[in-house]
Amino acid sequence: MIFNDELKDIVTYEGGKPIELVVREFGIEPKNVIKLASNENPNGVSPKVVEVVKNSAHLMSQYPDDSMYRLKNGLSKRFEVDTKNIIIGAGSDQVIEFAIRAKANRQKGILTAGVTFAMYEIYAKQIGAKVFKTPSNTHNLEEFYDIYQKNKDKISIIFLCLPNNPLGESLQTKEVYKFIREVDANTLIVIDGAYNEYASFKDKDYAINVKDLINTFSNVLYLGTFSKAYGLGGMRVGYGISNKFIIENLYKLRPPFNITTLSLEAAVEALKDKEFVKFSIQQNFSQMKKYENFAQRNKINFINSYTNFITLLFEEKFNSKEIANILLKKGIIVRDLTSYGLNAIRVTIGKPEQNDKFLEVFRSVL
Ligand SMILES: *Cc1c(COP(=O)(O)O)cnc(C)c1O
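Residues numbered from 1 in each chain as written. Predicted model: local features only at pLDDT ≥ 70, side-chain atom pairs only at ≥ 80, totals over all residues. Heavy atoms only, no water.

Chemist: Is there a simple way to explain the domain arrangement of the protein chain in this structure?
Modeler: How big an interface is tends to be reported as the loss of accessible area on association of its parts. As assigned here, the protein chain comprises domain 1 (5-45 + 275-365) and domain 2 (47-272). Between the C-alpha centres of domain 1 and domain 2 there is a distance of 24 Å. Approximately 2,900 Å² of surface area, both sides summed, lies buried where domain 1 meets domain 2, with 68% of it carried by carbon and sulfur atoms. Our count for the contact surface shared by domain 1 and domain 2 stands at 2 salt bridges. For D9, the salt bridge identified is with K125, shortest N-O distance 3.8 Å. On the surface where domain 1 and domain 2 come into contact, there are 12 residue pairs in polar contact (both at pLDDT 80 or more). (Domains from an automatic or database assignment. Buried area = accessible area lost by both parts, 1.4 Å probe. Salt bridge = Lys/Arg side-chain N within 4 Å of Asp/Glu carboxyl O. Polar contact = N/O pair within 3.5 Å; in protein donor to acceptor, adjacent residues only side chain to side chain.)

Given below as structure tokens:
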């Protein structure tokens, strides 16, 4: 059978390995498996959310409120923007797809950092759009500007993943603003803030104020998700925030009922439990110090991370794929970054006892 040409060039996205796989393949009990591979919140989700979802179980026979009124209302209060500035997606992943289908095509590609969230490239290639990448792996705005200037007529979207997954670096907001000012108003700038809650906590200079961002620029789309700090990865809820005109256009691509009735309930409740999120983020950065100290003591390079993971870069004597495989057999799942062309692993910061266990096993593996 012949498939569309666009598919030839696409490498299927490989998600973090699930706990069940380790249980099945290595016969390790689920409670002894430590998953530090998908940047999930190690504390799970707020107990209040669990309660609400349980109590809402009977609603699963009904379609959700397609206006998503309560969720948009919650987000509108949190970000101090109008509900008309918001679109909800099945994960912010889906909003990435809307943006690409709305602006990119065979003639108009996208521009991203050298190593960044894989879905930008995958969605672009699905519609035959070219992907320009900066030579540097991490975000370097001079390189972004250079490539943009030279290929202006061929670039319709610039993706800034701030902080960046899978490397963890970010940019100061004032640098980002300066960059956006230099870009044409007809070029869409997508700021993927999947880890913005973490960066905002770590350093105010790296915090993105969404209200200010969309009031200052007419060509920016901000993306947020409930999958990371809010602990709702399994519910698939994300959102885009932008000016009304951009949102109206993205809406034309949205399938109806694109998140589930229970996801909607969960997200509405998750927004209310600010303490849970705050605790998780504080714990994240205090635990990250253990990793940084370990790396320094063992002369392993790492990237200063504004997220809930840390990326460890190995020298030639180590092979990240091998290391990830050995860890896997011992019941620890991390993300090998070989497919990104790096000899590195990405480790999600876990709960204190998970991190201690990881570092103990990791030391023995090295
Ligand atoms: C996790 C993540 C997302 C989106 O995740 P969803 O679960 O689809 O909301 C988007 N961008 C980056 C950089 C991420 O790491």
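Chemist: Even after reading the chapter, I still don't get the sheet that holds strand β12 (residues 335-336), so can you show me in this structure?
Modeler: Sheet strands pair by backbone hydrogen bonding; their relative direction is either parallel or antiparallel. One open sheet holds the 4 strands; their spatial order is β9-β10-β13-β12, and the pairing between them is antiparallel. Only two strands of the sheet have a single partner each, and these edge strands are β9 (301-302) and β12. Pairing analysis gives 2 bridges linking β12 to strand β13 (residues 344-348), with the strands arranged antiparallel. Within β13, the position partnered with D336 by the bridge is I345. (Pairing = 2+ DSSP bridges. Helix = DSSP H or I, 4+ residues; strand = E, 2+ residues; numbered from the N terminus.)

Chemist: I would appreciate a short explanation of the pairing of strand β2 (residues 86-89) in the present structure.
Modeler: Here is the key point about a regular strand: its side chains alternate between the two faces of the sheet. What you see with β2 is no split at all: I86 and I88 on one side and I87 and G89 on the other are buried throughout. The pairing of β2 with strand β8 (residues 238-241) spans 4 bridges and is antiparallel. Directly across from I86, in β8, lies its bridge partner I241. (Buried < 20%, exposed > 50% of the residue type's maximum accessible area, 1.4 Å probe, protein only.)

Chemist: Quick question: what am I supposed to make of the nonpolar core here?
Modeler: If you look at soluble globular proteins, the nonpolar side chains tend to sit buried side by side. Core analysis: the biggest nonpolar cluster contains 81 residues, and L71, I191, F226, F358 and F362 have the highest contact counts within it. It is helix α12 (residues 274-297) that contributes the most residues to this core, 8 residues altogether. Viewed by domain, this core spans two of them, domain 1 (5-45 + 275-365) and domain 2 (47-272), each represented by three or more residues. Beyond its immediate sequence surroundings of up to four residues, F226 is in contact with L71, L75, G231, L232, G233, V237, Y239, A267, A270 and L271. (Core = buried A, V, L, I, M, F, W, Y, C linked by side-chain atoms within 4.5 Å. Contact = heavy atoms within 4.5 Å.)

Chemist: Would you explain unusual backbone geometry in this entry?
Modeler: Comment: phi is negative for the bulk of residues other than glycine, and the bulk of peptide bonds are trans. Residue P163 is reached from L162 by a cis peptide bond, and omega for that bond is -5°. By the element assignment, P163 lies in the loop between β5 (155-161) and α7 (173-181). Across the junction of N165 and P166, the peptide omega takes the value 15°, indicating a cis bond. Take P166: it is sitting in the loop between β5 and α7. In this model, E80 sits at a positive phi of 55°, which is unusual for a non-glycine residue. Despite not being glycine, R236 has its phi angle at roughly 60°, a positive value. Looking at the secondary structure, you find R236 in the loop between β7 (220-225) and β8. Overall, the relative accessible area of 35% leaves R236 in the partly exposed class.

Chemist: Teacher, can you tell me more about the site of the ligand here?
Modeler: Around the ligand, the structure places 13 residues, and the nearest of them are D192, T225, S227, K228 and R236. Between N165 and the ligand, the recorded distance is 2.8 Å, taken from a side-chain N or O atom to an oxygen atom. One of the side-chain N or O atoms of D192 is found 2.6 Å from a nitrogen atom in the ligand. Isolated, the ligand exposes 380 Å² of accessible area, and the fraction of that covered by the protein chains is 94%. Of the residues belonging to the shell around the ligand, the class tally is 4 nonpolar, 5 polar and 4 charged. (Near = heavy atom within 4 Å. Areas by Shrake-Rupley, 256 points an atom, 1.4 Å probe, with all protein chains shown as cover. Nonpolar A, V, L, I, M, F, W, Y, C, P; charged D, E, K, R; others polar.)

Chemist: Help me understand the pairing of β7, please; the structure alone is not making it clear to me.
Modeler: For β7, a buried count of 6 out of 6 residues is recorded, marking the element as mostly surrounded by other parts of the structure. Of the two faces of β7, the one lined by V220, Y222 and G224 and the one lined by L221, L223 and T225 are each fully buried. Inspection of the sheet shows strand β6 (residues 188-192) paired to β7 by 4 bridges, in the parallel sense. Each residue of the ladder has a partner; that of V190, found in β7, is L221. The pairing of β7 with β8 spans 4 bridges and is antiparallel. The residue bridging G224 from the neighbouring strand is Y239, located in β8.

Chemist: Even after reading the chapter, I still don't get helix α14 (residues 352-365), so can you show me in this structure?
Modeler: One full turn of an α-helix is made of 3.6 residues, so residues set three or four places apart face in the same direction. Helix length check: α14, at 14 residues, gives a terminal C-alpha distance of 20 Å against a target of 20 Å (1.5 Å per residue), a fit within 8%. Restricting attention to buried positions, one finds in α14 the residues Q354, N355, F358, L359, V361, F362 and V365. Packing partners of the buried residues in α14 comprise β1 (34-35), α12, β10 (309-313), α13 (320-329), β11 (332-333) and β13. (Expected span 1.5 Å × (residues − 1).)

Chemist: Help me understand the environment of K54 in this model?
Modeler: Looking at the secondary structure, you find K54 in helix α2 (residues 47-55). For the pair K54 and A266, spaced 212 residues apart in sequence, the C-alpha separation works out to 9.8 Å.

Chemist: Help me understand the side chain of R335 in this model?
Modeler: Tracing the chain through its elements places R335 in strand β12. For R335, the contacting residues outside a window of four places in its chain are Y13, E14, G15, G16, L36, A37, Y340, A344, I345 and R346.

Chemist: Mind showing me how you'd approach the packing of aromatic side chains here?
Modeler: Each pair of aromatic rings is reported with the distance of its centres and the angle of its planes. Taken as a whole, this structure holds 20 aromatic pairs when the rule is applied. Each ring, one from F226 and one from Y230, has its centre 5.1 Å from the other, and the planes form 55°; the classification is tilted. According to the relative accessible area criterion, Y230 is buried, its value standing at 7%. The rings of Y291, F294, F314, F318, F358 and F362 are connected pair by pair, giving a single aromatic cluster. (Phe/Tyr/Trp six-rings, centres within 6.5 Å; stacked < 30°, edge-to-face > 60°.)

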